[in-house]
6 protein chains.
Amino acid sequence: MLISIDSVLSKDLVGQFRETLRQARWLNGKRTAGTQASSVKVNQQLDDQSKPAAGLRQQLLTPLGQHQLFLSAALPHKILPPTFSRYCAGHRYGAHRDNPIMPTGGADRMLRTDLSATIFLSEPDEYDGGALTIETTYGTREIKLGAGDLILYPSGSQHRVTPVTHGTRLCALLWIQSMVRDNHQRLLLFDLDQSIQALTRKQGGEDTEVQRLTGVYHNLVRLWAEV
Amino acid sequence: MLISIDSVLSKDLVGQFRETLRQARWLNGKRTAGTQASSVKVNQQLDDQSKPAAGLRQQLLTPLGQHQLFLSAALPHKILPPTFSRYCAGHRYGAHRDNPIMPTGGADRMLRTDLSATIFLSEPDEYDGGALTIETTYGTREIKLGAGDLILYPSGSQHRVTPVTHGTRLCALLWIQSMVRDNHQRLLLFDLDQSIQALTRKQGGEDTEVQRLTGVYHNLVRLWAEV
Amino acid sequence: MLISIDSVLSKDLVGQFRETLRQARWLNGKRTAGTQASSVKVNQQLDDQSKPAAGLRQQLLTPLGQHQLFLSAALPHKILPPTFSRYCAGHRYGAHRDNPIMPTGGADRMLRTDLSATIFLSEPDEYDGGALTIETTYGTREIKLGAGDLILYPSGSQHRVTPVTHGTRLCALLWIQSMVRDNHQRLLLFDLDQSIQALTRKQGGEDTEVQRLTGVYHNLVRLWAEV
Amino acid sequence: MLISIDSVLSKDLVGQFRETLRQARWLNGKRTAGTQASSVKVNQQLDDQSKPAAGLRQQLLTPLGQHQLFLSAALPHKILPPTFSRYCAGHRYGAHRDNPIMPTGGADRMLRTDLSATIFLSEPDEYDGGALTIETTYGTREIKLGAGDLILYPSGSQHRVTPVTHGTRLCALLWIQSMVRDNHQRLLLFDLDQSIQALTRKQGGEDTEVQRLTGVYHNLVRLWAEV
Amino acid sequence: MLISIDSVLSKDLVGQFRETLRQARWLNGKRTAGTQASSVKVNQQLDDQSKPAAGLRQQLLTPLGQHQLFLSAALPHKILPPTFSRYCAGHRYGAHRDNPIMPTGGADRMLRTDLSATIFLSEPDEYDGGALTIETTYGTREIKLGAGDLILYPSGSQHRVTPVTHGTRLCALLWIQSMVRDNHQRLLLFDLDQSIQALTRKQGGEDTEVQRLTGVYHNLVRLWAEV
Amino acid sequence: MLISIDSVLSKDLVGQFRETLRQARWLNGKRTAGTQASSVKVNQQLDDQSKPAAGLRQQLLTPLGQHQLFLSAALPHKILPPTFSRYCAGHRYGAHRDNPIMPTGGADRMLRTDLSATIFLSEPDEYDGGALTIETTYGTREIKLGAGDLILYPSGSQHRVTPVTHGTRLCALLWIQSMVRDNHQRLLLFDLDQSIQALTRKQGGEDTEVQRLTGVYHNLVRLWAEV
């Protein structure tokens, strides 16, 4: 599934991020790519060890952890510390798939990449090219969202960033291990939750069907969630 | 789960059944019990090979196959030809569990007993004792329903019929292999379907949430059903 | 997944089908639609009971059952007798989902609709509109293939046929229960099989890796197939 | 399943708990309830941050962690720090279900509530009303155990505490993520373990069948346990 | 797993089989092998269409269907009509794996080969070579059993028959779809059943632990069996 | 499965281990055995609390964590701190199975023993007897490898060390929770990975089939891995 979520970061917050990123230290993106990805990755990446990186990561994770639509769609269990990428003219990231297991560097040790998320930090009219292009068994989709918007996609699908021909493309990248590993099951829960939210708005939380459907949702989570 | 469903047979139809059964040939119930059940089974059973048996079976299965609540609760895939039992004073069926796999005598060859159902053909005030008693991990339940009513229970739970001390207790027995083998999953589907039915009555079948929840229901069936 | 397979029927065979269909008896498509689908279905359907229907079905199933790419992609366990539809100007089929369980009318009794397939019997330039439109979590896809081509899609996805504004659109429809119910698992098998075929063409069937990968494929089938 | 386990705390230990709790600081129970539960929760809860809370929790978890019957029935993987509740006259907790995922406040971050446990700290004759009432698909069960006794029930079942009309009801509450998530599988393991214990007492641990059944138990745990 | 079962056919019955087979019509074994197996199969096979074949098959399946140890180990759901092979001097069957799905020629249409079985119809001292050799992840096993004995092995393991250098090797071959597809689960059930049988012999069928373990066995079958 | 891996430790490193172990403090092996194992365990074990133990463990885990074949075969998620055993003349370890769940002593708290590994630290000609003997459903295997070699076997299989009659047998023992719990699934991944490695060596990492098969491997890991 591809789920795009508008405004996970406010334009103000995006502005602060960009100001910080403008002054930060950028490294060659190949340093963090695996052998295979390395040959197709031509971009820059924020120095993980640099001072602003830790702050930006926290500034990013806090609003995400409170964003109901994101939580409902991703059901996150673990999230890797976000990385920040910069694509200037000539940069690109050729077709690749994300590794299924990544080290977390923390007590968890390992994370299964169920979902990948890109948060756009540049407006689409600030650069040419640079579309996030996802190959799916339903065809190819090109994605360019507004600054502060997020796109969620299965880490197992092949994807690439087409060459930037003009301007600069800034984005943040997240890898997520979901409580519910299977995309199809997670989507069923998302649909069910959307219906419960809509019925609650219309009929109130005390409504018999809202209560019964919530019970179904909770017990499907118990059936499927690994935490 | 225990699900009781009222009036799966009309009182009229029950009357016809009883009239036919009154004139039929009854055999010692031990003839159809396995070694273990045989020692605890003291009742009578309609001769399977007798002429009325085939007719009664069909008369029973036809209304069941059109009973929405039964279909929604049991999601039947295969049903063994029903058997008919008679408990007179002194009869009983001691504690036993139904075999997990039974021969069907048909092209299917085998049936997994996910669910058992008893349809009561006598009114509760026509006999003393004779309660269907089901032991569950939630405690013991004694069940005596009206003529024409049905109780659905997991075949894996231990159950018995307490001694009849007076009068006659007639009933029909069914073993069902459900499309959805797991009791917990089947119950979640039942709850979801009940909500969809209630919302449809209130808001119509074209309602957005009815449509979305129907999609969730259909895809859970695809995920779980074995046919 | 959407998998389109070219030329499952030869142009010659398509010609014969069309000639037969031209003279056949067509009924209002609502007759075979469920309550919900009925309100959105405006087309014609070949009379199932008519003489040509049985012949056409067999003529369709025989080449399909020998088509390696179709077999590898669908891993069919049961296929419903195909139906034939005709869309003249003004006809359409609004958004709907296929029922998850359908009666087969045969010894199997029931079929789980894992996959739907449309075989186009008209060339795309013979009609305007009439696109098969599939809504997926990856976006919307409009499909119009050549006569004799087939598109395979999950029955659980919402789909519709846009109004035909000019000309006639003929097609055959199939519902398939796959040996491998899960779309994701079936796709993994399809990819693995495609690699094995490609390596066999290049290195021969006796090649060590061809043999080892075939063992992996066979054992994944054993792990996942329900027959 | 409902499994009641006598005397997980000795009467002496219960006496110490009550003495400590008598002097402790109690807060309004609504403070820790979610939005939905808040409207139906009328009781008091021990201040989590207060000094005695930490000590009591450890005093509770230590004997539980050594209680063979509890371990065999719950197969605990994670246990939330216990909470302590007090119901005085007029207090009650209306019908609710426990959330499927709860934050742990520890390195684990999240816990799936497979099982809930109530440990009674008041004798049943010290208060009127205040029955723990669990709605199951097998009917409703009212539970009032002796001080020091524990009842284990699936967190997914709806439950409530009926109004206390006289006296004071003290209890401790636990939420447990089991190594074996599925209630049915966990119960099968519990039954198998009970048989192995009984056979070991009778025939010794070196008995061939005790050894073989232990092998079956161990390999079922390997098949089902998530740790 | 490899499970050898002695005397599924009595020596008398083996004698009758051999007499019938001696006079029967034998075909080149390549006729029934797939493309890959064909190149490594050098033996003879009983003409399936010949008159004795049908009789022998039934004579074989009847005792098997009543053999408790075979039923407990294989939990057969479907069995392909047995084939009979003859290896004379110089014959062999090179390394191969059995296809995971085979056509049944009956109403079932397809069978998943979970288990293969060889029933030896010659005594080991009647021929040199001709060992059934099974490659497993636990090493290689060479099997030569007495006439009337059976060996059961997973169809997914690579196996071969080493060249016969002297004498004649007769055997019957079966492919079985088990009610329980997973070898590991089926073995756990086999172990549990063996313990129940042993305890029943020692303590009787009414023993509490025999009853409880039977309940566990039955419910594991319900959990795992596909029929 | 049994997978033996040569030279996970170099002969040099083995020499250092032996020198350190020669001077270390050894305890009676019964101290760390469970009740059942205790009665059959007659050997010595390195004092876990002793100074050299921590160093040796790290020296062992570092090369293991970089050994591609070991990683591919075991897909380790958690590894218990290795223990070191010494068998002198007369020592043995009778038949036993490893516990399915073991405490880790770390933040993880518990580990499921999917796999056991023995690393031999003595050459086979340095001692008589002392074979690691594994009972499998495929028969019994006796294993004696060179110093520095490792054997990987399912913890659920019964195993023993036959009595040492002469000389000294040193070894290290590991218990592993794999990312992929099921032995059969893990073996399929191992086979697939071996093919991918072989094709990469022959055709390079950019080869179409290498890329496609890598995608299949990655998505099977996502389907099966628990981390």
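A brief structural summary. Bear in mind that the values here come from a model prediction, so they are computed numbers and not experimental data.

All right, on to the interface of chain B and chain D then. Note on interface size: it is often stated as the accessible area lost on association of the parts. Counting from both sides, the interface comprises 10 residues of chain B and, opposite them, 10 residues of chain D. Carbon and sulfur atoms make up 57% of the surface buried where chain B meets chain D, a total of about 970 Å² over both sides. On inspection of chain B and its partner chain D, the count reaches 0 salt bridges.

Mapping chain B onto chain A calls for a screw motion: a turn of 180 degrees about the axis and a shift of 0.0 Å along it, with 0.0 Å RMSD after fitting. The superposition operator between the copies reduces to a two-fold rotation axis.

The backbone of Arg109(C) shows a phi angle near 70 degrees, a positive value even though the residue is not glycine. The topology assignment puts Arg109(C) in the loop between strand E8 (101-103) and strand E9 (110-112). With phi around 55 degrees, Ser7(F) is a residue other than glycine that occupies positive phi space. Relative accessible area serves as the criterion here: at 49%, Ser7(F) is assigned to the partly exposed category.

Take the packing of helix H1 (residues 11-22) of chain C against helix H3 (residues 51-64) of chain C next. Residue and element names in this part refer to chain C. Running from amino to carboxyl end, H1 crosses H3 at an angle of 165 degrees, the nearest separation of the two axes being 11 Å. Between H1 and H3, the angle is such that the two are roughly antiparallel. By crossing handedness, the relation of H1 to H3 is classed as left-handed. Taken together, the residues of H3 that come into contact with H1 (itself represented by Leu-13, Gln-16, Phe-17, Thr-20 and Leu-21) are Pro-52, Leu-56, Gln-59, Leu-60 and Pro-63. Split by residue class, the contact of H1 with H3 holds 7 nonpolar, 3 polar and no charged.

Attention shifts here to the sheet that holds strand E12 (residues 132-136) of chain C. All names here are of chain C. Strand order in the open sheet made by the 5 strands is E3-E7-E15-E12-E13, with antiparallel pairing throughout. The open sheet has two edge strands, strand E3 (41-42) and strand E13 (139-143), and neither has a second partner. Alignment of E12 against E13, held across 5 bridges, turns out to be antiparallel. Pairing of Thr-133 across the sheet is with Glu-142, part of E13.

Of the two same-sequence chains, chain B is brought onto chain D (RMSD 0.0 Å, axial shift 0.0 Å) by a rotation of 180 degrees. Residue by residue, 100% of the interface of chain B is reproduced at the interface of chain D, so both copies engage with the same surface.

Here the focus is the packing of aromatic side chains. By convention here, two paired aromatic rings are described through the distance between centres and the angle between planes. Summed over the entire model, instances satisfying the criterion amount to 12 aromatic pairs over all chains. With 6.0 Å between their ring centres and 40 degrees between their planes, Phe17(C) and Phe84(C) make a pair best called tilted. Of this pair, Phe17(C) sits in helix H1 while Phe84(C) sits in strand E6 (residues 83-87), placing them 67 residues apart in sequence. With centroids separated by 6.2 Å and ring planes inclined at 55 degrees, the aromatic side chains of Trp224(C) and Trp224(F) adopt a geometry described as tilted. Of the two residues, Trp224(C) is situated in helix H6 (residues 208-224) and Trp224(F) in helix H6 (residues 208-224); the pairing between them involves two chains.

What counts, and where the lines are drawn
- Throughout, a residue's number is its position along its own chain's written sequence, starting from 1.
- Here the convention is simple: chains get letters from A, ligands get numbers from 1, in the order in which they are written.
- Local features in a predicted model are, by the rule used here, given only for residues with pLDDT of at least 70; side-chain atom pairs are given and counted only at 80 or more, and totals for whole chains, interfaces and linings are based on all residues.
- Excluded from the side-chain calculation are hydrogens and water; included are all heavy atoms of the structure.
- Any two residues having at least one pair of non-hydrogen atoms within 4.5 Å are treated as being in contact.
- What gets called buried area is simply the loss in accessible area from a 1.4 Å probe that two parts show on being joined, summed for both.
- Whenever Lys or Arg places a side-chain nitrogen within 4 Å of a carboxyl oxygen from Asp or Glu, that contact is recorded as a salt bridge.
- Copy-to-copy alignment: least squares on C-alpha atoms, limited to residues at pLDDT 70 or above in both.
- Strands here are runs of E lasting at least two residues and helices are runs of H or I lasting at least four, both read from the DSSP assignment and numbered beginning at the N terminus.
- Type-normalised accessible area, obtained with a 1.4 Å probe on protein chains alone, sets the label of each residue: buried when under 20%, exposed when over 50%, and partly exposed for intermediate values.
- Every axis corresponds to a line fitted to the C-alpha atoms, with the helix fit spanning only the stretch in contact, and the corresponding angles, defined between N-to-C directions, vary from 0 to 180 degrees.
- Should an angle fall under 35 degrees it is called roughly parallel, over 145 degrees roughly antiparallel, and 65 to 115 degrees roughly perpendicular, with every other angle called oblique.
- By the definition used in this description, the sense in which the near helix is turned from the far one sets the handedness, with an anticlockwise turn below a right angle giving left-handed and a clockwise turn giving right-handed.
- We call Asp, Glu, Lys and Arg charged. Ala, Val, Leu, Ile, Met, Phe, Trp, Tyr, Cys and Pro are nonpolar, and the rest, Gly among them, are polar.
- The pairing criterion for strands is at least two bridges between them, as found by DSSP.
- When two rings of Phe, Tyr or Trp (its six-membered ring) have centres within 6.5 Å they constitute a pair, described as stacked for plane angles under 30 degrees, edge-to-face for angles over 60, and tilted for the intermediate range.

The quantities given are spatial measurements derived from coordinates; they are silent on function.
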